[in-house]
Amino acid sequence: NINAVKEEILMHKFQNENTRSSLFCILTKDEATIELLGDLAKITNLHDLINKGLEKQQEERRTNAHMDYITRIGLLIQDLIQKQLDIELAKLIEVKRSEEDTHLATHEEQNGQDFIIYKNGQPVYFIEVKSKWDENGRFALSKNQTEKCAIEKSRYAVVSVNVDRYKKKHIINDEFNITFDDLFEFIHVNDDLGPYFEKLVQENIYKSESNDPKLIEFRGSIPQRIIDNEGKRFNDFMQALIEVLRI
């Protein structure tokens, strides 16, 4: 049997046990896979191709792990901000109950903002929390958030947490145990971005039903300069917000 002879010659050629093991592993695959491996074997720079493929896989795993990390830490920061809002607004709730019998609550919404503050069941303020984790990162609003900010104007605030600056000044042993006080120095609040974005997206907002050409997907980038120069400290923002909610 000529095929049996070929197999015997082939096995005699490869005496190394690791090579034989690899060969047997290939032969256990289905025909389509074996044919694919045969085609790959014809490539002259196969070694480089495989290395590049492995590097690409590793890079994708690192990217996915990084995005998962940022998402989990970002949710932690949102939780820290919401807890602080609850603490600050609790004081106002007590005042309002004694004077006007009104109720305030913060509700997380994921349409055009992270949190909505309600007064007497009506939305009165909208808050979005953003974080930046490295020097190449940026603070940017989604399309929905940008349009919401433009519509609500003075009733919309963006809380930015610059974790990149925090990491440059402090050693983080456990990201999931960062407290609000730890990050306080690196938190700014911009509550006057609406006019900026209104100029950019007003046609999208007010002509959404028209058949005219318009932007479909975009992001509202907030320069660090605007955050540093025009952003308020969190305490100052909360005092101003409390005064607004007293009205």
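Given the structure is predicted, the values throughout are model-derived calculations rather than measurements.

Caption draft 1: Focus on the overall build of the protein. Looking only at helices and strands, the protein features ten helices and eight strands. Residues classed as buried in the protein amount to 34% of the 247 residues present. Contacts spanning at least 24 positions in sequence make up 68% of the contacts within the protein whose residues lie at least 6 apart. Carbon and sulfur atoms make up 51% of the accessible area of the protein, which amounts to about 16100 Å² in all.

Caption draft 2: Broad picture of the pairing of strand β3 (residues 122-132). Where burial is concerned, most of β3 is hidden: eight out of the eleven residues are buried. One ladder, built from five bridges, connects strand β2 (residues 115-119) with β3; its direction is antiparallel. Looking across to β3, one finds that Ile117 is bridged to Tyr125. Between β2 and β3, which pair antiparallel and follow one another directly, the connecting turn spans two residues, one of which, Asn120, has a positive phi of 55 degrees.

Caption draft 3: Layout of the environment of Ile81. Of note, Ile81 is situated in helix α4 (residues 46-99). Ile81 sits in the buried class, given a relative accessible area of 1%. Along the sequence, Ile81 and Thr179 sit 98 residues apart, while their C-alpha atoms lie 9.9 Å from each other. Setting aside chain neighbours within four positions, we find Ile81 in contact with Phe115, Val129, Val159, Phe180, Ile187 and Phe234.

Caption draft 4: Spotlight on the pattern of salt bridges. For the coordinates displayed, the defined rule picks out eleven salt bridges. Across the pair Glu198 and Lys153 runs a salt bridge whose closest N-O atoms are separated by 3.2 Å. Of this pair, Glu198 sits in helix α8 (residues 194-206) while Lys153 sits in the loop between α5 (143-152) and β5 (156-162), placing them 45 residues apart in sequence. Lys168 is paired through a salt bridge with Asp164; the nearest N and O atoms lie 3.4 Å apart. Placement of both Lys168 and Asp164 in helix α6 (residues 163-169) is noted, with a separation of four residues, approximately one turn of the helix. Its relative accessible area of 9% is what places Asp164 among the buried residues. The structure contains a network of salt bridges with shared partners spanning Lys148, Glu152 and Arg155.

Caption draft 5: Broad picture of helix α10 (residues 234-246). Helix length check: α10 (13 residues) gives 18 Å between terminal C-alpha atoms against 18 Å at 1.5 Å per residue, within 8%. Taken residue by residue, α10 has Phe234, Phe237, Met238, Leu241, Ile242 and Leu245 as its buried positions. Buried residues in α10, looked at end-on, bunch into an arc of 135 degrees, giving them a common side.

Criteria and cut-off values
Residues numbered from 1 in each chain as written. Predicted model: local features only at pLDDT ≥ 70, side-chain atom pairs only at ≥ 80, totals over all residues. Heavy atoms only, no water. Helix = DSSP H or I, 4+ residues; strand = E, 2+ residues; numbered from the N terminus. Buried < 20%, exposed > 50% of the residue type's maximum accessible area, 1.4 Å probe, protein only. Contact = heavy atoms within 4.5 Å. Areas by Shrake-Rupley, 256 points an atom, 1.4 Å probe, with all protein chains shown as cover. Pairing = 2+ DSSP bridges. Salt bridge = Lys/Arg side-chain N within 4 Å of Asp/Glu carboxyl O. Expected span 1.5 Å × (residues − 1). Arc of directions from axis to C-beta.

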